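Results of the structural survey
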Amino acid sequence: MQETLGISKKGREVLSPPVIEKAHIRWMVQPDLGQVRRIEKECFEYQWTEEDFSNCLRRRNCIGLVAEAEGEVVGFMIYEFTKRRINLLNLGVKRDARNRCFGSQLVRKLIRKLSRNGRTRISFTVRERNLPAQLFFKSLGFKAVEILHQFYEEAQEDAYIMEYHIPWYKSGTSRARQLIGK
């Protein structure tokens, strides 16, 4: 969950808990693309085109979800399945709907798709300068595992690969040893 910055009675900055609102998460359908594109423009300097969205969603292994609140699309997520992992391709939450846990609900839905016998991790790239996204994902258990130098050509910017592993899958942990009987 993402937290917001507030001011304490003593004048110091403190983290205040997010407002938690339940979202209805459902499959993304063609009529959602207008709202999704507006959210994309709010969130990112370099946006996906309508063609990017359409091409991605036509692929068999690519899925789009939206988060709805009060009948309005407030967030979206696009991901693809591979044999052993889930690649998060795009995630955005409307600016005026942030800090209400809609992004967390989308990502947690994705985490629930992991399994011991199949896909065991989620990975994605994030811009080096996108500290809010890095902190958001870190709060959900993701870790930066690699730096991709000058990954974003249009801005000559590095990226981090961030990953989430199902906790009991990590080799060498006591829980993993319990599961394999060692």
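Residues numbered from 1 in each chain as written. Predicted model: local features only at pLDDT ≥ 70, side-chain atom pairs only at ≥ 80, totals over all residues. Heavy atoms only, no water.

**Some thoughts on the side chain of Asn90**
- Here Asn90 is to be found in strand S6 (residues 85–93).
- Here Glu40 takes part through its side chain, which lies 3.0 Å from a polar atom of the side chain of Asn90.
- Those residues in contact with Asn90, other than ones at most four positions away along the chain, are Glu40, Phe44, Trp48, Phe53, Phe76, Met77 and Ile78. (Helix = DSSP H or I, 4+ residues; strand = E, 2+ residues; numbered from the N terminus. Polar contact = N/O pair within 3.5 Å; in protein donor to acceptor, adjacent residues only side chain to side chain. Contact = heavy atoms within 4.5 Å.)

**Examining the pattern of salt bridges**
- One pass over the full model with this rule turns up 10 salt bridges.
- A salt bridge links Glu72 to Lys94, with the nearest nitrogen and oxygen atoms 2.2 Å apart. You can see Glu72 sitting in strand S5 (residues 72–81) and its partner Lys94 sitting in the loop between S6 and helix H3 (102–111), a full 22 residues away along the chain.
- Take Glu72: its relative accessible area is 33%, and that puts it in the partly exposed class.
- Exposure remark for Lys94: the relative accessible area of 16% places this residue in the buried category. (Salt bridge = Lys/Arg side-chain N within 4 Å of Asp/Glu carboxyl O. Buried < 20%, exposed > 50% of the residue type's maximum accessible area, 1.4 Å probe, protein only.)

**Quick look at the nonpolar core**
- Of all hydrophobic cores here, the largest spans 32 residues; its most connected members are Met77, Tyr79, Leu88, Val107, Ile122, Phe137 and Phe142.
- Of all the secondary structure elements, the ones that give two or more residues to this core are strand S4 (62–69), S5, S6, H3, strand S7 (121–127), helix H4 (131–139) and strand S9 (157–165).
- With residues up to four places along the chain from it excluded, the contact list for Met77 reads Met28, Ile63, Gly64, Leu65, Leu88, Asn90, Leu91, Leu106, Val107 and Leu110.
- In terms of nonpolar packing, the next biggest core, distinct from the first, is built from 11 residues, Met28, Ile39, Phe53 and Phe76 among them. (Core = buried A, V, L, I, M, F, W, Y, C linked by side-chain atoms within 4.5 Å.)

**Some words on the sheet that holds S4**
- Sheet architecture is open: 7 strands sit in the order S3-S4-S5-S6-S7-S9-S8, paired in mixed fashion. Strand pairing shows two members of the sheet lacking a second neighbour, strand S3 (24–27) and strand S8 (143–152), which therefore form its edges. On average, each strand axis in the sheet is inclined to that of its neighbour by 25 degrees, with strand direction left out of account.
- Looking at chain direction, S4 and S5 are connected through 8 bridges and run antiparallel. Its bridge partner being in S5, Ala69 is matched across the sheet by Glu72.
- On the sheet, helix H1 (residues 33–43) packs against S4, S5 and S6 and is oriented at approximately 85 degrees with respect to S5.
- Set on the sheet, H3 makes contact with S3, S4, S5, S6, S7 and S9; between it and S5 the angle comes to about 30 degrees. (Pairing = 2+ DSSP bridges. Axes fitted to C-alpha atoms, helices over the stretch in contact; angles between N-to-C directions.)

**Things to note about the confidence of the model for the protein**
- In this model, the protein carries an average pLDDT of 84, and 81% of its residues clear a pLDDT of 70 or more.
- A low-confidence stretch, residues 1–8 stays under pLDDT 50, and its non-local contacts, those more than four residues away or across chains, total 30 contacts.
- Counted against residues more than four places away or in other chains, residues 173–182, with its pLDDT under 50, gives 9 contacts. (pLDDT = per-residue confidence, 0-100.)

**Considering a positive patch on the surface**
- Among the surface-exposed residues, Lys22, Arg108, Arg112 and Lys113 lie close enough to one another that they form a single positively charged patch.
- Inspection of the secondary structure assignment puts Arg112 in the loop between H3 and S7. (Patch = residues over 30% accessible without salt bridge, like charges linked within 9 Å, V, L, I, M, F, W, Y side chains within 5 Å. Areas by Shrake-Rupley, 256 points an atom, 1.4 Å probe, with all protein chains shown as cover. Lys, Arg positive; Asp, Glu negative; His and termini not counted. Charge placed at Lys NZ, Arg CZ, Asp CG, Glu CD.)

**A few points about unusual backbone geometry**
- You will see that Cys101, though not glycine, has its phi angle at about 75 degrees, which is positive.
- Within the fold, Cys101 resides in the loop between S6 and H3.
- Despite not being glycine, Gln156 has its phi angle at roughly 50 degrees, a positive value.
- As for its placement among the helices and strands, Gln156 is situated in the loop between S8 and S9.

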